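# Results of the structural survey
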Amino acid sequence: MSSATTTNEASMNQATMNEADATGAGATGTITDGAALSGTGATTDAPAGRTARYHVLTTGYTLSTGPGVAATVSYVTDGDRRVIVDPGMVAGRDRILGPLAELGLSADDITDVVLSHHHPDNTMNVGLFQRARVHDHKAEYLDDQWLDRDAEGLRLSPSLKLIRTPGHSAEDITLLAGTAEGVVAFVGDLWWRPNGPVVDPVAPDAAQLRASRLRVLAGADVIVPGHGAPFPAASALH
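First, a word on what this report is: a plain description of the structure on this page.

Each value, and the rule that gives it
- Residues numbered from 1 in each chain as written.
- Predicted model: local features only at pLDDT ≥ 70, side-chain atom pairs only at ≥ 80, totals over all residues.
- Heavy atoms only, no water.
- Buried < 20%, exposed > 50% of the residue type's maximum accessible area, 1.4 Å probe, protein only.
- Helix = DSSP H or I, 4+ residues; strand = E, 2+ residues; numbered from the N terminus.
- Pairing = 2+ DSSP bridges.
- Core = buried A, V, L, I, M, F, W, Y, C linked by side-chain atoms within 4.5 Å.
- Contact = heavy atoms within 4.5 Å.
- Phe/Tyr/Trp six-rings, centres within 6.5 Å; stacked < 30°, edge-to-face > 60°.
- Axes fitted to C-alpha atoms, helices over the stretch in contact; angles between N-to-C directions.

### Considering the pairing of strand S13 (residues 182-188)
S13 sits mainly inside the fold: seven of its seven residues count as buried. Looking at chain direction, strand S12 (residues 173-179) and S13 are connected through five bridges and run antiparallel. From the neighbouring strand, Thr 179 faces S13, where its bridge partner is Gly 182. Where S12 folds back onto S13 in an antiparallel hairpin, the turn is made up of two residues. When S13 meets strand S14 (residues 222-225), the two strands line up parallel, connected through four bridges.

Next comes the structure, spelled out in structure tokens:
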């Protein structure tokens, strides 16, 4: 897996092609300010701001429920918030820290970590970010402090918002990032990859999964799945 990065300003077709690379080569994207919104991003779930930027630090992969699996790990920034999403299983920690260093950042620069759910393949490397506040569906965690709160509607910044999207597991959340080019949804395993699976073999509630997918699709322009490259929301299987 390479730590080289590519911009998200490339076509979404190229992003989908990256998913086919079973080596999980790191793809990086940014959204720059000034472009018009597209798709259905301007909905009630969408964050009010449009100033977030994101980079996919490493593109995950999985062919089934195992044995080989890596998480898609992303970096999102808005204002003074520097967020890592799903620092899960990867072939080596350099697959996360290397691309982050290329952005001029260290683990100690990260202010927040968002865990989409509590499966180990999406959480394994959370300990890399010891100064960060960790967010899940029910609480925030920092050092020896545990603050109970519901993630639904929680705003990390004007352009970053959490919503509850259960289905793959009971505790699933999605980070919505308002960018100049649209709303990017970091969904964890609500979708594993651009090609689904349509039927999630480990989901405890298929109807709830579909409802959460439809909620995300009503407000997102780009989907960042749990184990693959970003893809246009309009092409999502549900």
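On we go from here.
### What to know about the nonpolar core
Judged by nonpolar contacts, the single largest core of 19 residues is most densely connected at Ile 84, Leu 100, Ile 110, Val 113 and Phe 129. Among the secondary structure elements, those contributing two or more residues to this core are strand S4 (73-78), helix H2 (94-102) and strand S8 (139-142). Setting aside anything within four residues of it in sequence, one finds Phe 129 in contact with Ile 84, Pro 87, Ile 96, Leu 100, Ala 107, Ile 110 and Val 113. Membership of the second largest hydrophobic core comes to 18 residues, among which are Val 83, Leu 175, Phe 186 and Val 224.

### Comments concerning the packing of aromatic side chains
If you walk through the whole model with that rule in mind, you get three aromatic pairs. Ring plane angle 80° and centroid distance 5.6 Å describe the contact between Tyr 54 and Phe 186, whose orientation is recorded as edge-to-face. Placement of Tyr 54 in strand S1 (residues 53-58) and of Phe 186 in strand S13 is noted, with a sequence separation of 132 residues between them. A residue is classified by how much of its surface remains accessible, and Tyr 54, at 0% relative accessible area, is buried. Here the aromatic rings of Trp 191 and Phe 231 are separated by 6.4 Å at their centres, their planes lie at 80°, and the arrangement is edge-to-face.

### Things to note about the sheet that holds S4
Here we have seven strands laid out as an open sheet, ordered S1-S4-S5-S6-S7-S8-S9, and mixed in their pairing. Of all strands in the sheet, those bounded by a partner on one side alone are S1 and strand S9 (145-148). Each neighbouring strand pair of the sheet contributes to a mean axis angle of 20°, computed without reference to strand direction. Looking at chain direction, strand S5 (residues 81-85) and strand S6 (residues 112-114) are connected through three bridges and run parallel. Within S6, the residue paired with Val 85 across the bridge is Val 114. Its contacts with the sheet place H2 against S1, S4 and S5, and it is angled at close to 140° to S1.

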